[in-house]
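Architecture and fold: a report
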Amino acid sequence: MIIVGINNTDRARDMTPTKPATAFGDMPWRGGVGGADKFLSFIADELLPTIDRNYRTRPYRVLVGHSLGGLFAVYALINRPEVFKGYVVISPSLWWDDQVLVKAAQPFFAAHKDLRADLYMSMADEGDAMLGGAWKLSAVLEESKLANVRWQFKRSPEEEHGTIPYISTYEGLQAIFAGYRIANPIALFEEGGLPAFERHYADVSKRLGYSVPVPARAYGDALSELSNRERFAEAEEIGKQMLEQDPKNTWALSALAQIAAKQKDDARAIGYSTQVLQLYPGSSQARATLVKYNVDVDKIVPTLELSPKAVTPYVGEYRFQDEVTKVSFEKDKLIAISSFGK
């Protein structure tokens, strides 16, 4: 995840969609308001293209806003819904200008039945107009019956306006990405085999708008459980699927080596372990397996001998932020000393 924070220069100006006739107590507004359109244009047309050019990004973006920022998030949803697909709307100031955005939401949703978005809205101990705006937006969402909009509204009366962002940001991301991972891989495998994994992430891909492959962790959890149950053929099937996805997956190769060893298939256990050691010479497990089978591991990974002349250029001090590591050459060994030890 790439997190982008934008410092406020004029919060009331940038986060509000309109300029009401009067402010609190029927006093005229002082200062700038009603600049949400310019601020959204800056984000959509300048900031995000810059991020996309310079970083590895995906088209699924989440906008998190609190208070007036929550008002702005709702403004972004109903004015340029293509920019963000997820919204965490925290104690939004939907009372603004006689609930102007709540009133605009109903015709917008009616005209965009194909809208695809994830929205989490929360409210702390606020009441009156603050709470009323959130309740009304919830009612509009409920009545609109948008098939591809997943939304949730949660009240947390134990929190106050200043503390609600902490818990709501966390819970909002949980709600938005609910269903991303397979909660119980072995249960899903029992239900539909490997095709069920592919269907799950096809649905995730459709919702997020880009291709999401089945994570190796999901396959691996099911493989481990099947191996523990001695259902070796099915476990092997998953291991081979993992290798089709990534031929250099040393975890899958190690798992297949263990399965072969449990079945007393020495040749395959040696073969898989050899591949692991070739890809990852530091694998103590693969090395131990091969030694057990009397395989000369030095022929697979030759021992590397370094002369003092080759390593002495690395002597000195290395600073990693506030941590200093001292490297010295002692008794034919390169020694590093840090707060973690020698």
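Scroll up to find the structure this text is about.
Here the structure is a predicted model, which means the values were calculated and not measured.

**Thoughts on the side chain of Q99**
Summarising the element assignment, Q99 is placed in helix 4 (residues 96-111). In contact with Q99, not counting residues within four places along its chain, are L94, A129, G132, G133 and K136.

**Details of the pattern of salt bridges**
Per the stated rule, a full pass over the model turns up 17 salt bridges. Where E190 meets R231, a salt bridge forms, and the shortest distance between an N and an O atom there is 2.7 Å. Residue E190 is located in helix 7 (residues 185-208), and its partner R231 is located in the loop between helix 8 (216-228) and helix 9 (232-245); the two are separated by 41 residues in the primary sequence. Owing to a relative accessible area of 41%, E190 belongs among the partly exposed residues under this scheme. Residue class for R231 comes out partly exposed when judged on its relative accessible area of 24%. Here E225 and R229 are joined by a salt bridge, their closest N and O atoms 2.9 Å apart. Each of E190, E225, R229, R231 and E234 takes part in a single network of salt bridges with overlapping partners.

**Some points on helix 10 (residues 250-262)**
Along its 13 residues, helix 10 runs 18 Å from first to last C-alpha, staying within 8% of the 18 Å computed at 1.5 Å per residue. Contact partners of the buried residues in helix 10: helix 8, helix 9, helix 11 (266-279) and helix 12 (284-292). Its side-chain oxygen at 3.0 Å from the backbone nitrogen of W251, N249 defines the N-terminal cap of helix 10. One or two steps after helix 10, the chain reaches K264, where phi turns positive at roughly 60°.

**Quick notes on the layout of surface pockets**
Within this model, the largest pocket holds a volume of roughly 1400 Å³. As for the largest pocket, its lining consists of 38 residues, and the residues nearest its centre are I2, I3, V4, V62 and L63. When its residues are assigned to classes, the lining of the largest pocket shows 26 nonpolar, seven polar and five charged.

**As for the packing of helix 3 (residues 68-79) against helix 4**
Across the interface, helix 3 lies against helix 4 with an axial gap of 10 Å and an inter-helix angle of 30°. By the angle between their directions, the pair helix 3 and helix 4 is classed as roughly parallel. At the point where helix 3 passes helix 4, the crossing takes the left-handed sense. Here L68, L71, V74, Y75, L77 and I78 of helix 3 come into contact with helix 4, specifically with W96, L101, A104, A105, F108 and F109. Of the residues assigned to the contact of helix 3 with helix 4, the class counts are twelve nonpolar, no polar and no charged.

**A closer look at helix 11**
Spanning 14 residues, helix 11 covers 20 Å between terminal C-alpha atoms, matching the ideal 20 Å at 1.5 Å per step. Every buried residue of helix 11 is listed here: A269, Y272, S273, T274, V276 and L277. Residues of helix 11 that are buried make contact with helix 9, helix 10, helix 12 and helix 13 (297-300).

**Here's the deal with the sheet that holds strand 7 (residues 333-337)**
Within the open sheet, the three strands sit side by side as 5-6-7. Their pairing is antiparallel. The outermost strands of the open sheet, each flanked by one partner alone, are strand 5 (316-320) and strand 7. Within this sheet the neighbouring strands show an average axis-to-axis angle of 25°, counted without direction.

Cut-offs and rules
Residues numbered from 1 in each chain as written. Predicted model: local features only at pLDDT ≥ 70, side-chain atom pairs only at ≥ 80, totals over all residues. Heavy atoms only, no water. Helix = DSSP H or I, 4+ residues; strand = E, 2+ residues; numbered from the N terminus. Contact = heavy atoms within 4.5 Å. Salt bridge = Lys/Arg side-chain N within 4 Å of Asp/Glu carboxyl O. Buried < 20%, exposed > 50% of the residue type's maximum accessible area, 1.4 Å probe, protein only. Expected span 1.5 Å × (residues − 1). Polar contact = N/O pair within 3.5 Å; in protein donor to acceptor, adjacent residues only side chain to side chain. 1 Å grid on protein atoms, 1.4 Å probe; cavity = no way out; pocket = protein on both sides within 12 Å on 5 of 7 lines; lining within 4 Å. Points joined across faces, edges and corners; volume = space filled by probe spheres on them. Nonpolar A, V, L, I, M, F, W, Y, C, P; charged D, E, K, R; others polar. Axes fitted to C-alpha atoms, helices over the stretch in contact; angles between N-to-C directions. Parallel < 35°, antiparallel > 145°, perpendicular 65-115°, else oblique. Left-handed = near helix turned anticlockwise from the far one by under 90°. Pairing = 2+ DSSP bridges.

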